[in-house]
2 protein chains.
Amino acid sequence: MKLNCSQSELNSALQLVSRAVSNRPTHPVLANVLLAADEGTGKLRLTGFDLSLGIQTSISASVQKSGAITLPAKLFVEIVSKLSSDSPLTLSSDEISQQVQLISKSGTYEVKGMIADDFPDLPLVETGTSLKLNPLLLSNSIKSTLFASSSDDAKQLLTGVNLTFDGYGIESAATDGHRLAVLNINNILSQLENENDLISSSKFSITLPSKSLREVEKFLSSCDHNQPINFFIDKGQVVFISDDEIITIRALEGSYPNYSQLLPDSFSNILEFDRKEFIASLERIAVLADQHNNVIKISTDSSDKLIKITTDAQDIGTGSESLPVSFKGESFQIAFNVRYLLDGLKVIESDLIKLSCNAPTTPAIFSPVNSNVNFKYLVMPIQIRN
Amino acid sequence: MKLNCSQSELNSALQLVSRAVSNRPTHPVLANVLLAADEGTGKLRLTGFDLSLGIQTSISASVQKSGAITLPAKLFVEIVSKLSSDSPLTLSSDEISQQVQLISKSGTYEVKGMIADDFPDLPLVETGTSLKLNPLLLSNSIKSTLFASSSDDAKQLLTGVNLTFDGYGIESAATDGHRLAVLNINNILSQLENENDLISSSKFSITLPSKSLREVEKFLSSCDHNQPINFFIDKGQVVFISDDEIITIRALEGSYPNYSQLLPDSFSNILEFDRKEFIASLERIAVLADQHNNVIKISTDSSDKLIKITTDAQDIGTGSESLPVSFKGESFQIAFNVRYLLDGLKVIESDLIKLSCNAPTTPAIFSPVNSNVNFKYLVMPIQIRN
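Rules behind the numbers
Residues numbered from 1 in each chain as written. Chains lettered and ligands numbered in written order. Predicted model: local features only at pLDDT ≥ 70, side-chain atom pairs only at ≥ 80, totals over all residues. Heavy atoms only, no water. Contact = heavy atoms within 4.5 Å. Buried area = accessible area lost by both parts, 1.4 Å probe. Polar contact = N/O pair within 3.5 Å; in protein donor to acceptor, adjacent residues only side chain to side chain. Helix = DSSP H or I, 4+ residues; strand = E, 2+ residues; numbered from the N terminus. Nonpolar A, V, L, I, M, F, W, Y, C, P; charged D, E, K, R; others polar. Least-squares fit on C-alpha atoms with pLDDT ≥ 70 in both. Salt bridge = Lys/Arg side-chain N within 4 Å of Asp/Glu carboxyl O. Buried < 20%, exposed > 50% of the residue type's maximum accessible area, 1.4 Å probe, protein only. Pairing = 2+ DSSP bridges.

Caption draft 1: Seen up close, the interface of chain A and chain B. Each partner contributes to the interface: chain A provides 28 residues, whereas chain B provides 27 residues. Ranking the residues of chain A by area buried against chain B places Tyr109(A), Arg284(A) and Val287(A) at the top, with a combined share of 27%. In this structure, the connection of chain A to chain B is made through 16 residue pairs in polar contact (both at pLDDT 80 or more). Residue assignment for the side of chain A that touches chain B shows that the elements contributing at least two residues are helix 2 (73-82), strand 9 (107-112), helix 6 (275-289) and strand 22 (317-324) of chain A. When the residues that make up the side of chain A that touches chain B are grouped by side-chain class, the tally is 9 nonpolar, 11 polar and 8 charged.

This is the structure we're talking about:
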């Protein structure tokens with residue numbers, strides 16, 4: 001392999017693909033990025049792959065000799081990022097010694113690599129269901145729900161986000177067993193070529209790991225929002241393709257819990273209040289609540305138009321905040337984990353929010369008011385003794 | 001105690017004094033800040049003290065009832081920082097229950113405190129030697145040397161910065177046994193009232209702990225640079241006073257090593273090169289050097305006008321950079337810990353720097369070129385086998 005390329009293009013490409021390189025690789029070669037140069041196309045292709053998430057991209061290069069090698073991702077990314085962008089770089093590899101030489105204006109680096117053959121192939125499904133999706137909406141569907149998934153690896157399917165496509169729109173959902181976030185987007189398709197074909201063939205429900213989706217979300221929000229993303233799904237693999245970039249994700253196995261049955265149909269208490277003021281109050285109350293199980297109480301009195309948020313961190317202190325509220329129902333009291341509330345309130349974008357609930361022990365729902373976003377955030381209350 | 005005060009003034013004062021509150025207090029009350037309100041002066045005085053560093057400041061308050069109490073610093077700082085700055089705060093304490101009530105527009109907080117009598121007195125020496133110092137120069141004398149002090153508590157005096165005042169100027173020095181930074185400032189005094197008195201009475205040499213000086217340096221750089229700082233020194237205590245703020249530091253005991261004898265008088269090799277380019281090269285080389293003992297080699301060849309910086313991280317890779325140099329002496333090679341070099345080069349502010357050395361095993365000195373700053377950074381080379 002021998003080629004010249006620009007420092008800034010190589011640097012951006014390495015930053016992108018290294019997101020798919022594991023910090024704790026299960027095999028030495030997985031700590032590396034794969035570089036493959038092709039004289040015919042004049043491209044240098046870069047790949048990072050942790051066996052679940054794979055990211056591949058290409059940059060233009062003046063390739064004098066085709067070839068491929070893998071290099072330690074962390075080290076190579078760091079060296080390239082510190083090189084001057086003023087002058088082009090020369091990369092050449094000796095396939096026998098597995099050494100790569102990197103020459104820039106200011107100096108020469110030699111880095112020990114590993115042979116390309118050891119690097120696993122990216123599962124590039126381009127058959128099965130194929131859709132053209134709106135990247136901004138897809139990014140929203142991930143961002144609005146991902147936070148509610150479990151970070152406990154033992155919880156398997158709950159460490160992912162479930163995506164259900166009904167032929168037109170997509171519903172994303174995530175839960176860790178204590179809270180559930182659901183977003184329904186009814187116009188995720190960028191393009192409809194043959195509507196009938198599509199509806200019949202393209203329905204799916206798949207659960208993708210949150211860790212990988214976090215990288216997909218970053219990638220989608222940096223994409224051109226007017227260009228659709230090509231989405232392929234087949235045999236438990238999902239592939240996103242946009243221009244030169246390819247992302248592959250292996251889905252989690254199993255069927256996702258039927259979460260819709262958890263969402264209550266009717267509510268005896270409905271409260272509406274200002275979202276930002278509520279967040280500010282909760283953040284202050286959280287300082288004390290964090291000292292004692294994160295528990296806060298919300299109470300209303302049908303006589304006054306205020307919601308009261310209180311916390312009692314035994315032996316440390318107490319806090320109490322009030323907020324104007326528009327209220328339908330009886331006076332009641334309900335307790336929550338303040339961290340769960342803050343997580344969900346931060347992804348809702350409306351000015352006003354609605355808290356709908358029944359008993360202090362049954363699920364409560366937070367949702368936006370006067371918004372065309374169909375988002376529901378269910379939180380299980382904490383049982384309290386008075 | 002009962003008073004009203006502004007959220008923003010209380011918040012700034014708390015941020016300042018809490019810097020002197022230990023993260024690992026040796027006694028519960030040392031995790032607290034002391035609040036003392038005085039009806040007569042209309043002031044709320046705040047104090048943080050970790051037995052080595054003490055910071056005290058006052059803010060205006062409308063005091064209805066004098067009194068004093070201590071409150072958990074971390075919790076109180078966090079609550080106050082999150083309150084709205086729109087409305088004044090009411091603080092009142094119940095000395096019997098040791099509870100403090102904090103009322104703001106949006107809510108009410110009660111925090112459990114501890115009695116003020118348990119809080120140790122700040123050692124407010126205002127006798128002994130007294131000087132008026134330039135805060136900017138004092139800040140520089142700390143900043144330029146502190147990094148070279150040892151972070152190993154077992155090294156006692158070497159965990160501090162030594163300050164020597166000769167009646168006119170101040171010399172600051174710090175060493176960890178591997179490198180030594182020395183800055184000489186000959187005009188540190190802001191005001192000379194009676195020059196003869198001063199010279200005879202004010203000479204001192206004192207070593208102050210780096211941990212505390214780090215906070216003093218932050219404080220000094222935020223001071224009005226045109227207002228002199230009052231400096232008192234007596235019986236191993238140093239006190240800085242500026243307007244409403246008082247900082248006390250307990251000096252380290254013992255006599256600081258006679259470092260001046262370590263600085264060579266003459267050099268057989270003198271190299272001059274661009275500081276920023278040298279830093280950029282070292283930072284790139286450091287990526288590889290960090291993989292293998294941080295060792296880098298600098299070599300010159302009297303025939304070409306280049307300095308070569310190389311590193312060899314066995315089995316990982318090698319790096320080599322070149323830099324134009326103006327050079328007097330024989331061709332030679334010398335090795336350093338790259339982290340030591342970067343630490344020192346970052347505090348030198350000149351464009352050009354000078355490396356003066358003799359043998360590859362004797363101390364090397366980095367110093368600014370074309371600068372009126374009298375700074376020397378001595379680094380012990382690393383012995384290398386060829």
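From this point, the discussion proceeds with the structure in view.
Caption draft 2: Layout of the relation of the copies chain A and chain B. After a rotation of 180° and a shift along the axis of 0.0 Å, chain A superposes on chain B with an RMSD of 0.0 Å. The operation mapping one copy onto its partner corresponds to a two-fold rotation axis. If distances are taken from each C-alpha of chain A to the rotation axis, the shortest is found for Asn23(A), at 15 Å.

Caption draft 3: The arrangement of the pattern of salt bridges in detail. Residue and element names in this part refer to chain A. One pass over the full model with this rule turns up 22 salt bridges over all chains. One salt bridge connects Asp 290 with Arg 339, and the closest N-O pair in it is separated by 2.5 Å. Taken together, the positions of Asp 290 in the loop between helix 6 and strand 20 (295-300) and Arg 339 in helix 7 (residues 338-347) put the pair 49 residues apart, joining distant regions of the chain. Among the residues examined, Arg 339 registers a relative accessible area of 36% and is labelled partly exposed.

Caption draft 4: Focus on the pairing of strand 6 (residues 67-72) of chain B. Residues and elements named next belong to chain B. Examined bridge by bridge, strand 2 (residues 32-38) and strand 6 share 6 bridges and lie antiparallel to one another. Counterpart to Ala 36 in the pairing with strand 6 is Ala 68. With 2 bridges joining them, strand 6 and strand 10 (residues 114-115) adopt antiparallel strand pairing. From the neighbouring strand, Thr 70 faces strand 10, where its bridge partner is Met 114.

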